[in-house]
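So the chains spell out like this:
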Amino acid sequence: MAKIPRSFRLLEELEKGEKGIGDGSCSYGLEDGDDIMMSHWNGTIIGPGHTVHENRIYSLKITCGEDYPDRPPTVQFVSRVNLPFVNQVDGKVDPSKLPVLAHWTRNSSIETVLVEIRREMASFNNRKLPQPPEGSTF
């Protein structure tokens, strides 16, 4: 089976991100429209209902390296959040602690990462974790 080139894959993701995902709880797009390598992305997650994250808007930076989609992107929270897979000093997501990054496949995408992070926010272990003040950043 032919391997889709990185740029085609990222163009597909850009188009999908601009249209919005499902219920609008996650969105993403290029940080700079002139980024011809399509490496630097911004992501947004609206905290899931009935959790300490409800009605909070979390901003993230996503970087797709030269090896994307063969290797996962790096993900870093801009908004402060207390989750077991987020470094509390710089907001970086530890890929070994988030299954979608730890078990990355070419079929995974920026969307799957954001949706998985949101799912983790709503999980039993994370839904009531004390959070930093709303609006604080790393």
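Preceding block: the structure.
All values reported here derive from a predicted model rather than from experimental measurement.

Participant: Mind showing me how you'd approach the overall build of the protein here?
Facilitator: A tally of helices and strands in the protein yields three helices and four strands. Listing every helix and strand of the protein by position from the N terminus yields α-β-β-β-β-α-α. Compactness check: the protein gives a C-alpha radius of gyration of 15 Å against a globular reference of 14 Å for 138 residues, within 12% of the reference. The principal-axis extent of the C-alpha atoms belonging to the protein is close to 45 × 30 × 30 Å. Of the contacts formed within the protein by residues at least 6 apart in sequence, a portion of 54% connects residues at least 24 apart. As presented, the protein carries roughly 7,900 Å² of accessible surface, and 53% of it is formed by carbon and sulfur atoms. Of note, the protein has its 16 positive side-chain charges centred 6 Å away from the centre of its 19 negative side-chain charges.

Participant: Any chance you could explain the side chain of Arg56 here in plain terms?
Facilitator: Relative to the assigned elements, Arg56 resides in the loop between β2 (40-46) and β3 (57-63). Of the side chains bearing the opposite charge, Glu134 lies closest to the buried Arg56, which forms no salt bridge; the N-O distance is 4.2 Å. Here the side chain of Arg56 touches Pro132 through a polar contact of 2.9 Å, landing on its backbone oxygen. Excluding its chain neighbours within four sequence positions, the residues that come into contact with Arg56 are Ile45, Ile46, Gly47, Gln131, Pro132, Pro133 and Glu134.

Participant: How should the side chain of Ser108 be read in this particular structure?
Facilitator: Take Ser108: it is sitting in the loop between α2 (99-102) and α3 (110-121). Setting aside residues up to four positions removed in sequence, Ser108 forms contacts with Arg9, Tyr68 and Val100.

Participant: Which parts of the structure should I look at to understand the pattern of salt bridges?
Facilitator: Once their charged atoms are close, side chains differing in charge can pair, the charge on each being opposite to the other. Under the criterion given, the structure shown has seven salt bridges. The shortest N-O distance in the salt bridge between Glu13 and Arg9 comes to 3.0 Å. Of this pair, Glu13 and Arg9 are both found in helix α1 (residues 6-19), four residues apart, which corresponds to roughly one turn of the helix. For Glu13, a relative accessible area of 5% translates into the label buried. Given the relative accessible area of 11%, Arg9 is considered buried. For the salt bridge of Glu111 with Lys16, the shortest nitrogen-to-oxygen distance reads 3.0 Å. Of the two residues, Glu111 sits in helix α3 while Lys16 sits in helix α1, which places them 95 residues apart along the sequence. Taking relative accessible area as the criterion, Glu111 reaches 14% and is therefore assigned buried. The class for Lys16 is partly exposed, based on a relative accessible area of 46%. Connected through shared salt-bridge partners, Lys3, Asp70 and Arg106 make up one network.

Participant: Please explain a nonpolar patch on the surface as it appears in this structure.
Facilitator: A surface patch of nonpolar side chains, about 300 Å² in accessible area, is lined by Ile4, Phe8 and Leu11. Residue placement: Leu11 occurs in helix α1. Of the residues examined, Leu11 reaches a relative accessible area of 45% and is grouped as partly exposed.

Quick notes on the rules
- Residues numbered from 1 in each chain as written.
- Predicted model: local features only at pLDDT ≥ 70, side-chain atom pairs only at ≥ 80, totals over all residues.
- Heavy atoms only, no water.
- Helix = DSSP H or I, 4+ residues; strand = E, 2+ residues; numbered from the N terminus.
- Rg over C-alpha atoms; globule rule 2.2 N^0.38 Å.
- Contact = heavy atoms within 4.5 Å.
- Areas by Shrake-Rupley, 256 points an atom, 1.4 Å probe, with all protein chains shown as cover.
- Lys, Arg positive; Asp, Glu negative; His and termini not counted.
- Charge placed at Lys NZ, Arg CZ, Asp CG, Glu CD.
- Buried < 20%, exposed > 50% of the residue type's maximum accessible area, 1.4 Å probe, protein only.
- Salt bridge = Lys/Arg side-chain N within 4 Å of Asp/Glu carboxyl O.
- Polar contact = N/O pair within 3.5 Å; in protein donor to acceptor, adjacent residues only side chain to side chain.
- Patch = residues over 30% accessible without salt bridge, like charges linked within 9 Å, V, L, I, M, F, W, Y side chains within 5 Å.

Nothing here speaks to function; it is all geometry.
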